[in-house]
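As a plain string of letters, each chain reads:
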Amino acid sequence: GDSVTQMEGPVTLSEEAFLTINCTYTATGYPSLFWYVQYPGEGLQLLLKATKADDKGSNKGFEATYRKETTSFHLEKGSVQVSDSAVYFCALSAPGEGAQKLVFGQGTRLTINP
Amino acid sequence: GAGVSQSPSNKVTEKGKDVELRCDPISGHTALYWYRQRLGQGLEFLIYFQGNSAPDKSGLPSDRFSAERTGESVSTLTIQRTQQEDSAVYLCASSLGLGFLNTQYFGPGTRLTVL
């Protein structure tokens, strides 16, 4: 079945460091890919998405490129801030029977120290 | 406009009691989804609605779980005879329509604790 694998956390970085959170997926066909973020005490928010191969989603300085050849959707940010501390979830929605649900990775907790 | 809202935000109950969780989707969103997030784990899909119809209930963990939706509005998730393993955050999401191109918008969740 469809699945998402994220790099395990927790990840701790210093402010202004470069961030990469790896995400790979297994799915039938060409899924839509998402990164959601959950800030402390808040609900899950859509951070960015990409719906076809080679698309780049971006928001708030974060980027992720849909790589069909490596089945990956890695999240990157060039210079993180303390306010980026949160749990990040990679997710997919696959066409066909699985289109009605999001399949999530386990989440990666990110802590940014000043 | 208003986002997805859920109530209560927190619910503590005793094992064996029934609980009802409520979700108000974004106005105009025809699709509604329920997920469960256990501590330290990813989100687990439970059920979706298109309008007030739930075509596939296979994601519900057991027959103690049921869900209904009134038209294209409020949905309730009911857990009967709660067990400690039901403790989790229950998240509701809605989208304009079904399908993998539609973005799901999540509510803040209901944290359920079963003692």
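Just so you know, these numbers come straight off a predicted model, no measurement behind them. (Residues numbered from 1 in each chain as written. Chains lettered and ligands numbered in written order. Predicted model: local features only at pLDDT ≥ 70, side-chain atom pairs only at ≥ 80, totals over all residues. Heavy atoms only, no water.)

Participant: Even after reading the chapter, I still don't get the overall build of chain B, so can you show me in this structure?
Facilitator: Secondary structure assignment for chain B yields zero helices and 10 strands. Against the globule reference of 13 Å for 115 residues, chain B gives a C-alpha radius of gyration of 13 Å, in line with a compact fold. Projected onto the principal axes, the alpha-carbon positions of chain B cover approximately 40 × 25 × 25 Å. Relative to its 115 residues, chain B shows a buried fraction of 50%. Across chain B, every contact between residues at least 6 apart in sequence was considered, and the portion connecting residues at least 24 apart equals 57%. Per element, the accessible surface of chain B, about 5400 Å² overall, is 46% carbon and sulfur. Once the 11 positive and 11 negative side-chain charges of chain B are each reduced to a mean point, those two points are 4 Å apart. (Helix = DSSP H or I, 4+ residues; strand = E, 2+ residues; numbered from the N terminus. Rg over C-alpha atoms; globule rule 2.2 N^0.38 Å. Buried < 20%, exposed > 50% of the residue type's maximum accessible area, 1.4 Å probe, protein only. Contact = heavy atoms within 4.5 Å. Areas by Shrake-Rupley, 256 points an atom, 1.4 Å probe, with all protein chains shown as cover. Lys, Arg positive; Asp, Glu negative; His and termini not counted. Charge placed at Lys NZ, Arg CZ, Asp CG, Glu CD.)

Participant: What's the story with the interface of chain B and chain A in this structure? I'm lost.
Facilitator: Of the residues lining the interface, 17 residues belong to chain B; the matching set on chain A comes to 22 residues. Summed over both partners, the interface of chain B with chain A buries about 1600 Å², with 59% contributed by carbon and sulfur atoms. The tally of links between chain B and chain A comes to zero salt bridges. At the boundary of chain B and chain A, one finds four residue pairs in polar contact (both at pLDDT 80 or more). Those elements that provide at least two residues to the side of chain B that touches chain A are β4 (31-37) and β5 (43-50) of chain B. (Buried area = accessible area lost by both parts, 1.4 Å probe. Salt bridge = Lys/Arg side-chain N within 4 Å of Asp/Glu carboxyl O. Polar contact = N/O pair within 3.5 Å; in protein donor to acceptor, adjacent residues only side chain to side chain.)

Participant: Would you explain the sheet that holds strand β3 (residues 19-24) of chain B in this entry?
Facilitator: Residue and element names in this part refer to chain B. Pairing is antiparallel across the open sheet formed by four strands, whose spatial order is β1-β3-β7-β6. With partners counted over all chains shown, the strands left at the sheet margins are β1 (5-7) and β6 (65-69), one partner each. Neighbour-to-neighbour, the strand axes of this sheet turn through a mean angle of 15 degrees, independent of strand direction. As defined by bridge partners, β6 adjoins strand β7 (residues 75-79) across five bridges and the pair is classed as antiparallel. Note that in β7 the partner of R69 across the bridge is S75. (Pairing = 2+ DSSP bridges. Axes fitted to C-alpha atoms, helices over the stretch in contact; angles between N-to-C directions.)

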